Structure formats: C-alpha cells, structure tokens
Amino acid sequence: MSNILMIYTLMEPPVLLHERPLRPIAEKMGCSLRLKQTAFVTWDDLLWSDVVFAIRTQSCLEADILAIASKMGRFCIEAIDDDFFSMEHYTLRRPLQASSLRKALTTADFIFSPNVTLAKKMSAIGGGKPYHVGDTVVTEAELQARQAMDSDQLHIVYYVNDSTTGVFDAIIKPILPDLVTKYRGRLKFTFMSVHPDLGEYESQMDVCFRPRTSLDEFKAFLRNNRFSMGIAPLIASPFAQSKYINKFIEFSSAGIPCIYSNVAPYASFIQDGETGLLCENTKEAWLAAIDHLSDPLLQAQIVENAQNTLRCSFSEEAQGNHTIANVPALFHHKAPANPRRYYLWPLHMKSRILNLIDPFRKAWGRFRIEGLSSVIRWTWNHYIMKKS
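The structure displayed is predicted, hence computed values, not measured ones.

Rules and cut-offs
- Residues numbered from 1 in each chain as written.
- Predicted model: local features only at pLDDT ≥ 70, side-chain atom pairs only at ≥ 80, totals over all residues.
- Heavy atoms only, no water.
- Helix = DSSP H or I, 4+ residues; strand = E, 2+ residues; numbered from the N terminus.
- Buried < 20%, exposed > 50% of the residue type's maximum accessible area, 1.4 Å probe, protein only.
- Contact = heavy atoms within 4.5 Å.
- Areas by Shrake-Rupley, 256 points an atom, 1.4 Å probe, with all protein chains shown as cover.
- Pairing = 2+ DSSP bridges.
- Axes fitted to C-alpha atoms, helices over the stretch in contact; angles between N-to-C directions.
- Parallel < 35°, antiparallel > 145°, perpendicular 65-115°, else oblique.
- Left-handed = near helix turned anticlockwise from the far one by under 90°.
- Nonpolar A, V, L, I, M, F, W, Y, C, P; charged D, E, K, R; others polar.
- Polar contact = N/O pair within 3.5 Å; in protein donor to acceptor, adjacent residues only side chain to side chain.

Student: I would appreciate a short explanation of the overall build of the protein chain in the present structure.
Tutor: Looking only at helices and strands, one finds 17 helices and twelve strands in the protein chain. For the protein chain, the residues scored as buried account for 49% of the 388 residues in total. Nonlocal contacts in the protein chain, meaning residues at least 24 apart in sequence, comprise 72% of its contacts between residues at least 6 apart. About 18000 Å² of surface is accessible on the protein chain, with carbon and sulfur atoms providing 53% of the total.

Set out below in structure tokens:
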C-alpha cells in the first residue's frame, strides 16, 4: 500500500478540507499518511513517499517539490478548491502564485477538487489531466441536534472566510431597515471573521462581532450558540460558481438552518424548502425568506433533512468508496526504489530569491492595471504600515 505525503504552504482551512477525509480512508486501505508544511519537507520524506499530494499550491517551492517528486516516479496530485484564475488580473496581481499553481497543475498526474466546474477548468489548464470530485467527510459525532430556540429572538449568523464585506453590503445591508422595524427589540446578528459597517442600524439591534478563529473553534462556536438561522448570500460570478458548499456543511452540522442565494454552487445542490431555502438576490426575496425561516417547525425540518443528506452522502464510507473507485493509484501506487538523488536546498534558495522579487512584480502588475497612485497606496498599506 502507498505512503502518502501531503504538503502545503500555509495551514489554512482548505488543508484540513482535504486531509481530514483522506486520513481515515488511507488507514482503512493500509496506507500511511504524512502531512508536512512545504518548507520542512526533506529528502527522506520524498524517499519515503509513493504519492505526493500538494494542497492549494501557490508557492514556487511547493511546485518545484512536486516536479521533483514526479521525476522520482511518485504519483502526484494537486488539490485545488478555489478558482484563482477567475480572479480579476490574477496573473498580474499575484504573478508568483499564478505561475506556481499553473506549474503544479501541469506536473500533477491527477487533480482533486470539491467542485466539478472547478475540476474541469483546472484539468484543462493542466493539459487535460484526469480529475476527482470529492466531498469532505462528516461524522455522526459532528452533527449537533437542533436546540430549542428563544421564540422571542431572531438570531442570525453570518460569516465569510476572507473578511470582505462586499456581498453583505450589496445583498443584506439594504434589508436592515425592514428587519429592525419588523423584529424591533428581537433581532440579533452575529458576524464571524467580518465587521461590516452597519451605520445607524447597529444601535437598533443586538450585534456580536467575532474575530477569525481556528476551524475547530469556529465549529464549536456554531454548535454552542442558539442561532435561529444562518445566511449565505452570494453574487453570481465565475469565481463563485467554483466555490465549495462549505456553508451548507458547517451550518447543517451545527444544527442551523440556512438561506442561500439561488446561484451556483448552491442552486444545483440545495433542495429548496427541504435542506435549506434558496433565495433570489432581491430585497423582497431575502425579506420573505427570513420571515419564512423564522418558523421553528420549518427550521427543525430543514436541519433534519440537511443532516440526513450529510449522513448519506458525506459519510466516511460513501466518500471512501468514491475515492477508492475513482483514484486507485492513490492507495496502490508503489514508487521505484533508489531514485536519482535530488538536493532540495537549491529549491529553497530559488524560493527566497523569487519571494524577494515578487513584491516588485506585484507592483509592476498593479501599475499596469491601475496606475502609479495605486502602487503607492498598495506599497504603503502592505509594507510600510505593516512594519510600523
């Protein structure tokens, strides 16, 4: 059975999205799995491995290690969960990350993604590589039964992973006047990892702001608080349609019913009125959906249906069988013994040099897009102010 080396540049939630479901499957198949940050990968790690599984490659060091692993006869996988290439001017704004990801996609033997649209696009960029679309694993222990709610309070939770407020400002903020009027004295909002400007309405409702936390702390917070509902507004875009359904998994696991914008990826997955509510991105539709989901019986019904979906499609057994059938080489590949020796220190030196040059490349890209004034503001905010 294979020795699987999973590598990552930074410990972010997507790393655990790929590692946690794979580990029990690997153990079931008699494989060994080792998770290491790219900066600490050694020659011995590569010798030990049969499979090298790179997660969200955005550093030249990770791309180069994957390339060496391929030359050594290792089965190489690139796991990607966001469509960075659809971000406006991505190759100009983040030239080093873009070139590193493109190299990794070209090097990999297989591509893993939780979204079929994203998988197809990354496969094409990589030259038509085969791909696997898989979900995370949710265990029975992670499912929180729906708690009794305070019938006098409407408690809404909203979170984002990147701390941006654009979607909230465009879709939810316009309905705040109507919400505070209808639920006067009973409305509470909890914001996680985001701090939108609520203006005059902040004083007219109960508001809680929570800073960004670890994934485990985040999940515990959702489970341990009695939220009436979650909201997941999303503006349709190429980037959005390639996102994963994290919010469905996290809210449903915590026993929280949710309203989702009726756009991809939610539109093709959520069963409207059964596992959540789908909502058009209009003021009237969102007000009606929140009013509809304020019914405790509907809340309980949606949570029950959503958790049954998690039990059926996101179980360790279901995901394990799916992965084993689609990517047997992940568990059965044996790399050739005594490969040619490669030294990793030149890769580290190259990475450091490119990282020194990268700010200048970013500045040049920003100059080409937005002009000199933008470069000056960006340099001030990202380098001068941070150091001070």
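Now, onward.
Student: What is the right way to read the sheet that holds strand 12 (residues 277–279) from this model?
Tutor: Two strands in a sheet stick together by hydrogen bonds in their backbones, pointing the same way (parallel) or opposite ways (antiparallel). Strand order in this open sheet of six strands is 9-8-7-10-11-12, and the pairing throughout is parallel. Each edge of the sheet is formed by a strand with only one pairing partner; in this case those strands are strand 9 (206–210) and strand 12. Pairs of neighbouring strands in the sheet enclose a mean axial angle of 20°, with direction left out of account. The pairing of strand 7 (residues 154–159) with strand 10 (residues 229–232) spans two bridges and is parallel. Within strand 10, the position partnered with V157 by the bridge is G230. Contacting strand 7, strand 10 and strand 11 (258–261), helix 11 (residues 246–253) crosses the sheet at an angle of about 140° to strand 7.

Student: When you look at the packing of helix 3 (residues 60–71) against helix 5 (residues 95–107) in this model, what are you seeing that I'm missing?
Tutor: The angle between the axes and the distance between the axes are what describe a pair of packed helices. It is at 8 Å that the axes of helix 3 and helix 5 come closest, and there the two elements cross at 15°. When the axes of helix 3 and helix 5 are compared, the pair comes out roughly parallel. Once helix 3 is placed against helix 5, the crossing between them reads as left-handed. Taking contact as the criterion, the partners of C60, A63, D64, L66, A67 and S70 in helix 3 are, on helix 5, L96, S100, K103, A104 and T107. Here the contact of helix 3 with helix 5 is built from residues that sort into six nonpolar, three polar and two charged.

Student: Honestly, the environment of S113 in this entry has me stumped. Any pointers?
Tutor: Along the polypeptide, S113 turns up in strand 5 (residues 110–113). What makes S113 buried here is its relative accessible area of 2%. Expressed as a C-alpha distance, the spacing of S113 and G134, which sit 21 residues apart in the sequence, is 6.5 Å. In this structure S113 touches I80, L118, A119, H132, V133 and G134, once residues within four positions along its chain are discounted. Here the side chain of S113 touches I80 through a polar contact of 3.4 Å, landing on its backbone oxygen.

Student: Help me out: how do you make sense of the sheet that holds strand 5 in this one?
Tutor: Ordered by their spatial adjacency, six strands build an open sheet running 2-1-3-4-5-6, and the pairing between neighbours is parallel. In this open sheet, the two strands that pair with only one neighbour each are strand 2 (32–37) and strand 6 (131–133). Strand-to-strand twist in this sheet, taken as the mean axis angle between neighbours without regard to direction, amounts to 20°. The sheet contact formed by strand 3 (residues 51–55) and strand 4 (residues 75–79) spans five bridges and is parallel. Within strand 4, the position partnered with A54 by the bridge is E78. Helix 6 (residues 116–125) rests against strand 5 and strand 6 of the sheet, and its axis sits at about 170° to strand 6.

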